[in-house]
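This is what each chain is made of:
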Amino acid sequence: MQYLIYCMALMHFTPTNIEDLPTPCCLIDKAKMQRNIARLSAHIGNLQCTLRPHVKTHKSIEVTKAIIDAGNVKGITVSTLKEADYFFKHGMNDILYAVGITPNKIAHVAQLIEEGCDLTVVVDNEDMLSLVLDKMTQHNCVFKVVIELDTDGHRSGVNPHSDALLSIAKHISNSNHAKFEGVMTHAGESYACFTEKAKQDMAAQERDLTLLAVKRLSECGITCNTVSIGSTPTAFAVDQLDGITEVRAGVYVFFDLVMAGLGVCDIDDIAMSVLGTVIGHQKDKGWVITDAGWMAMSRDRGTAGHANDYGYGLVAPSSSKDKCYIMSDANQEHGIITEVSHASSESSSKGPSKMQQGDQTKNTVDIITHFPAAKAIEILPNHACATAAQYHHYYVVENGVAVDKWHSIGGW
Ligand SMILES: Cc1ncc(COP(=O)(O)O)c(C=O)c1O
């Protein structure tokens with residue numbers, strides 16, 4: 001009943017000026033989000049391929065619908081079975097659960113399959129495969145399985161050159177309860193690719209090692225129906241996708257300061273922000289204190305190794321080319337906003353070098369005038385997925401007005 005009342009309240013959202021929203025809260029600039037979505041859909045469409053968007057970034061059916069409306073979409077990727085439940089209930093059928101499966105989740109997966117969900121799971125090692133196959137025998141359904149490949153040394157996955165790849169695929173193919181579907185990989189190391197060349201090389205490596213695995217499996221008579229690659233930086237950098245059936249990306253819908261630092265987008269493309277309110281000041285220190293701290297931004301310090309380290313977030317819009325305001329420190333429910341100078345373009349291209357703290361005496365007057373008590377402040381996040389996960393809903397903003405409220409889910 002309570003949930004019903006909550007849903008009805010969401011359906012009847014009264015347009016609200018953003019200064020009047022309760023803070024902290026999470027805003028989505030709808031026009032920017034649609035532009036970002038259109039950009040990747042068009043790029044992947046031009047390469048004659050399809051997208052399997054990763055919905056873990058936003059965990060929202062409304063955002064997913066906007067991605068589907070832009071075209072070239074084939075199913076979705078999820079990072080939790082709770083996401084699978086939620087999106088299946090909202091009409092998504094073709095779902096890849098892209099975190100290695102474990103035996104304690106097989107009953108849940110079976111339930112979704114029995115309800116009609118076309119769900120695929122992932123394995124990358126023999127030990128786990130034996131354990132999950134054992135659990136699968138307890139159910140009357142066939143489980144679709146893809147093998148995760150390690151194409152960049154970033155985290156999980158089996159080496160595409162290895163014998164293990166072939167033995168895992170044969171083991172799946174020989175089971176009555178599992179069906180071998182193909183291979184997938186995620187080049188997470190693309191988050192350390194600061195130049196166009198580095199991103200293009202990483203994209204080519206992600207694709208080519210995946211195609212190598214497909215070739216080796218084919219030589220053993222094993223066919224891959226699914227050949228799935230992707231991360232946001234490599235999805236934009238890839239220039240040829242022959243043999244690849246789908247590209248996965250998630251954070252591109254909102255973008256964030258990490259993506260801007262990598263040159264995948266401009267700061268002005270970032271569609272997600274956190275709205276906080278100025279609580280007060282420490283004038284002698286040049287600090288503005290807000291009610292948005294690390295709970296509102298997340299503790300992700302993804303720009304820490306970048307040429308421009310934005311602390312916990314960048315105040316938008318950025319004040320000038322030379323200086324900006326950042327959340328330089330944060331407590332759970334307090335953020336400290338200070339002025340800093342941008343790193344020179346020379347140091348940006350060379351890699352990390354911290355932004356400079358401004359001259360405090362000179363800046364104190366500026367910053368206090370800029371951010372008086374009770375002023376609403378928009379702060380761009382380092383990592384949109386981590387920030388989004390702090391919220392249960394987003395305010396959808398058009399021309400400075402919140403026009404809608406979209407529900408999102410969390411947890412496992
Ligand atoms: C398996 C998998 N696929 C795709 C993605 C999407 O990548 P990105 O967040 O760069 O858009 C992720 C992100 O972590 C992932 O873990």
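Counting of residues starts from 1 at the beginning of each chain's written sequence and follows it residue by residue. The model is predicted, so local features are restricted to residues of pLDDT at least 70 and side-chain atom pairs to those at 80 or more, both for listing and for counting; the totals for chains, interfaces and linings are taken over all residues. In computing side-chain properties, one takes all heavy atoms of the structure into account and sets aside hydrogens as well as water.

This paragraph deals with the site of the ligand. Throughout this document, a residue counts as near a molecule or strand when at least one of its heavy atoms sits within 4 Å of that molecule or strand. Around the ligand there are 15 residues in total, and R155, Y191, T232, G250 and V251 lie nearest to it. In the model, an oxygen atom of the ligand is placed 2.7 Å from a nitrogen or oxygen of the Y191 side chain. Residues adjacent in sequence count toward polar contacts only when both atoms are side-chain atoms; beyond that, a polar contact is any pair of N or O atoms within 3.5 Å, and within protein one must be able to donate a hydrogen and the other to accept it. Here an oxygen atom of the ligand sits 2.5 Å away from a polar atom, N or O, in the side chain of T232. Using a 1.4 Å probe, accessible areas were evaluated by the Shrake-Rupley method; residue-level cover was limited to the displayed protein chains. Protein contact buries 93% of the 390 Å² of open area that the ligand shows by itself.

Moving on, we come to the packing of helix α6 (residues 126–136) against helix α7 (residues 163–173). Axes, fitted as lines to C-alpha atoms, cover a helix only where it is in contact. Angles between the N-to-C directions of the axes lie from 0 to 180 degrees. The helix count covers DSSP runs of H or I at least four residues long, the strand count covers runs of E at least two residues long, and both are numbered beginning at the N terminus. At a closest axis distance of 10 Å, the pairing of α6 and α7 adopts a crossing angle of 10°. By the angle between their directions, the pair α6 and α7 is classed as roughly parallel. Contacts between α6 and α7 involve E126, L129, S130 and L133 on the former and, on the latter, S167, I168, H171 and I172. For the contact of α6 with α7, a count of residues per class yields 4 nonpolar, 3 polar and 1 charged. By definition in this entry, angles of less than 35 degrees are roughly parallel, angles greater than 145 are roughly antiparallel, angles of 65 to 115 are roughly perpendicular, and the rest are oblique. It only takes one pair of heavy atoms within 4.5 Å for two residues to be counted as in contact. When residues are grouped by polarity, Ala, Val, Leu, Ile, Met, Phe, Trp, Tyr, Cys and Pro land in nonpolar, Asp, Glu, Lys and Arg in charged, and all others, Gly among them, in polar.

Turning to unusual backbone geometry, a few remarks are in order. The step from T23 to P24 runs through a cis peptide bond, and the omega angle for that step is 0°. Along the chain, P24 turns up in the loop between β1 (16–17) and β2 (25–29). Following A316, the chain continues to P317 via a peptide bond in cis, the omega torsion being -10°. In the Ramachandran plot, F255 falls in the positive-phi region, its phi being about 60° despite a non-glycine side chain.

So, on to the packing of aromatic side chains. The geometry of an aromatic ring pair comes down to the distance between the two centres and the angle between the two planes. Pairing of aromatic rings covers Phe, Tyr and Trp, the last through its six-membered ring, and needs centres within 6.5 Å; plane angles under 30 degrees mean stacked, over 60 mean edge-to-face, and all others mean tilted. On inspection of all chains with the given rule, the structure shows 5 aromatic pairs. Note on F254 and Y394: the rings are 6.0 Å apart at their centroids and 70° apart in plane angle, and the pair reads as edge-to-face. Of this pair, F254 sits in the loop between β9 (246–247) and α10 (257–261) while Y394 sits in strand β17 (residues 393–398), placing them 140 residues apart in sequence. For the pair shown, F254 and Y394 are each scored as buried. Only lysine NZ and arginine CZ atoms are considered, and such an atom sits over a ring when it is within 6 Å of the ring centre and within 35 degrees of the ring normal. The aromatic ring of W287 is capped on one face by K285, whose charged end is 4.4 Å from the ring centroid. For R301, the ring lying beneath its charged end belongs to Y312, and the centroid distance is 5.7 Å. Each residue's exposure class comes from its accessible area (1.4 Å probe, protein chains only) as a fraction of the maximum for that residue type: buried when under 20%, exposed when over 50%, partly exposed otherwise.

Attention shifts here to the side chain of E181. Counting through the fold element by element, E181 comes out in strand β7 (residues 178–185). With sequence-adjacent residues up to four places away left out, E181 is seen in contact with K144, V145, V146, C224, N225 and T226.

Take helix α3 (residues 61–70) next. Turning to α3, its buried residues are I61, V63, T64, A66 and I67. The elements touched by buried residues of α3 are α2 (30–46), β3 (76–78), α4 (81–89) and β18 (401–407). For α3, the side-chain oxygen to backbone nitrogen distance between the N-cap and E62 is 3.2 Å, and the N-cap itself is S60. Following α3 by one or two positions, G71 has its phi on the positive side, about 95°.

Among the 7 residues that make up strand β14 (residues 335–341), 6 are buried, leaving the element largely enclosed by the rest of the structure. In the sheet, strand β11 (residues 287–290) pairs with β14 via 3 bridges, with the strands oriented antiparallel. Across the sheet, the residue bridging to I289 is I336, located in β14. Pairing between strands is defined by DSSP: at least two bridges between the two strands are required. Relative to β14, strand β13 (residues 323–330) runs antiparallel, the two being bridged by 7 bridges. Its bridge partner lying in β14, I326 is registered against T338. If you look at the hairpin formed by β13 and β14, you'll find 4 residues sitting between the two strands.

This next bit is on the packing of α7 against helix α8 (residues 196–219). Packing of α7 against α8 brings their axes to within 10 Å, and their N-to-C directions diverge by 55°. Between α7 and α8, the crossing angle belongs to the class labelled oblique. Every pair of crossing elements has a handedness; the one defined by α7 and α8 is right-handed. Together, D163, L165, L166 and A169 of α7 and A213, R216 and L217 of α8 make up the contact between the two elements. Across the contact of α7 with α8, the residue classes break down as 5 nonpolar, no polar and 2 charged. Note on convention: near helix rotated counterclockwise from far helix by under a right angle means a left-handed crossing. Clockwise means right-handed.

By definition, a salt bridge exists where a carboxyl oxygen of Asp or Glu is found within 4 Å of a side-chain nitrogen of Lys or Arg. Evaluated as defined, the whole model comprises 17 salt bridges. Linking D94 and R52 is a salt bridge whose minimum nitrogen-to-oxygen distance equals 2.9 Å. One end of the pair, D94, is in strand β4 (residues 94–97); the other, R52, is in the loop between α2 and α3, with 42 residues separating them in the sequence. With relative accessibility at 4%, the residue R52 sits in the buried group. Its salt-bridge partner being K323, residue E339 comes within 3.9 Å of it at the nearest N-O pair. Highlighted residues: E339 in strand β14 and K323 in strand β13, separated in sequence by 16 residues.

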